[in-house]
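# Topology and contacts: notes
Residues per chain are reported as follows:
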Amino acid sequence: MQPEFWQQRWREQRIGFHQDHPTALMLKHWPMLDVAPGAQVFVPLAGKSLDMVWLASQGHRVLGVELSQLAVEQFFDENQLSPVIRETKYGRHYVAGLIDLVCGDAFGLDADVLRDCMGVFDRAALVALPADLRQRYAREVYANLPHGCHGLLVTLEYPQHEKDGPPFSVDDAEVHALYAREWAIDLLERERIVPGGPRFEEGLSRLEMAAYGVRRY
Ligand SMILES: C[S@@+](CC[C@H](N)C(=O)[O-])C[C@H]1O[C@@H](n2cnc3c(N)ncnc32)[C@H](O)[C@@H]1O
């Protein structure tokens, strides 16, 4: 999945993954995870997700990263936020209130910039990546999060041969293979999505969404 693929999706506004509300599984499970209110929460592959607004409303500082400048600009415009912009080696940071959204490559982040992220929220991020990049993502991005960091990972599962991603199917075995050496993984909920809907699920015989609590040892 090359950056140009996503840049084009944003240019053409083919962003069916975007929700005009915060993720329901986050609203349900986040409060039980006990991420301290002042903790910074990492939101990888953030898009213009309203999850960032909700996390900030809970008192969290948010560190998002998103490749597309269009997505970043739409996020601040649509939420009536006026960001202050500064450049670092990680990209262009747009900062407003508790939210710091970096327009840059998640694979360019290091342990230094992520050192305060005691929380993580991953929706449509791991599953947006093809298999080889998922391995790099776990090894190179999650590995830079501090010990004790905890949060929520939302995945999708469906018969991969029935449809091409993204989003890709990432099953329970893969989640464990990617993370279990460094992270405690706890399946919180698995939700069956009724097939035949008008969006991505069209044509799939089975589609499930799973929410995992994750905690770095
Ligand atoms: C499927 S979307 C999900 C966005 C958001 N998490 C949501 O729930 O709406 C994936 C996003 O990741 C961005 N992206 C893809 N690869 C990236 C990378 N290497 N670094 C930062 N952002 C990336 C894309 O531009 C796209 O906006």
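Residues numbered from 1 in each chain as written. Predicted model: local features only at pLDDT ≥ 70, side-chain atom pairs only at ≥ 80, totals over all residues.

## What about the overall build of the protein chain?
Within the protein chain, the secondary structure is distributed over six helices and nine strands. Relative to its length of 217 residues, the protein chain is compact, with a C-alpha radius of gyration of 16 Å against a globular reference of 17 Å. Projecting the C-alpha coordinates of the protein chain onto the three principal axes gives extents of approximately 45 × 40 × 30 Å. Here the protein chain holds 217 residues, and 37% of them are scored as buried. A separation of at least 24 residues holds for 68% of the contacts in the protein chain among residues at least 6 apart in sequence. (Helix = DSSP H or I, 4+ residues; strand = E, 2+ residues; numbered from the N terminus. Rg over C-alpha atoms; globule rule 2.2 N^0.38 Å. Buried ≥ 20, exposed ≤ 12 C-beta atoms within 10 Å, placed from the backbone. Contact = placed C-beta atoms within 7 Å.)

## Things to note about the pairing of strand β1 (residues 40-43)
Judged by which residues are buried, β1 turns out to be covered on both faces: Gln40 and Phe42 on one side and Val41 and Val43 on the other are all buried. Of the strand pairs in this sheet, β1 and strand β2 (residues 61-66) are connected by four bridges, and their pairing is parallel. The residue of β2 that forms the bridge with Gln40 is Arg61. Regarding the hand of the β-α-β motif, the stretch spanning β1, helix α3 (residues 51-57) and β2 is right-handed. (Pairing = 2+ DSSP bridges. Right-handed = clockwise from strand over helix to strand, strands pointing away.)

## Observations regarding the site of the ligand
Around the ligand there are 20 residues in total, and Trp6, Leu45, Gly47, Ala106 and Ala124 lie nearest to it. Among the residues making up the shell around the ligand, the classes are represented as 13 nonpolar, four polar and three charged. (Near = placed C-beta within 6 Å. Nonpolar A, V, L, I, M, F, W, Y, C, P; charged D, E, K, R; others polar.)

## Description of the sheet that holds strand β3 (residues 84-88)
Across the sheet, which stays open at both edges, the nine strands sit in the order β3-β4-β5-β2-β1-β6-β7-β9-β8 with mixed pairing between neighbours. The outermost strands of the open sheet, each flanked by one partner alone, are β3 and β8 (183-192). Neighbour-to-neighbour, the strand axes of the sheet open up by a mean angle of 20 degrees, direction not taken into account. Of the strand pairs in this sheet, β3 and strand β4 (residues 91-96) are connected by five bridges, and their pairing is antiparallel. Note on β4: the bridge partner recorded for Glu87 is Arg92. The strands that helix α2 (residues 24-33) touches are β6 (117-123), β7 (150-157), β8 and β9 (208-216); relative to β7, the one it contacts most, it runs at about 150 degrees. On the sheet, helix α4 (residues 69-78) packs against β2, β4 and β5 (99-103) and is oriented at approximately 160 degrees with respect to β5. (Axes fitted to C-alpha atoms, helices over the stretch in contact; angles between N-to-C directions.)

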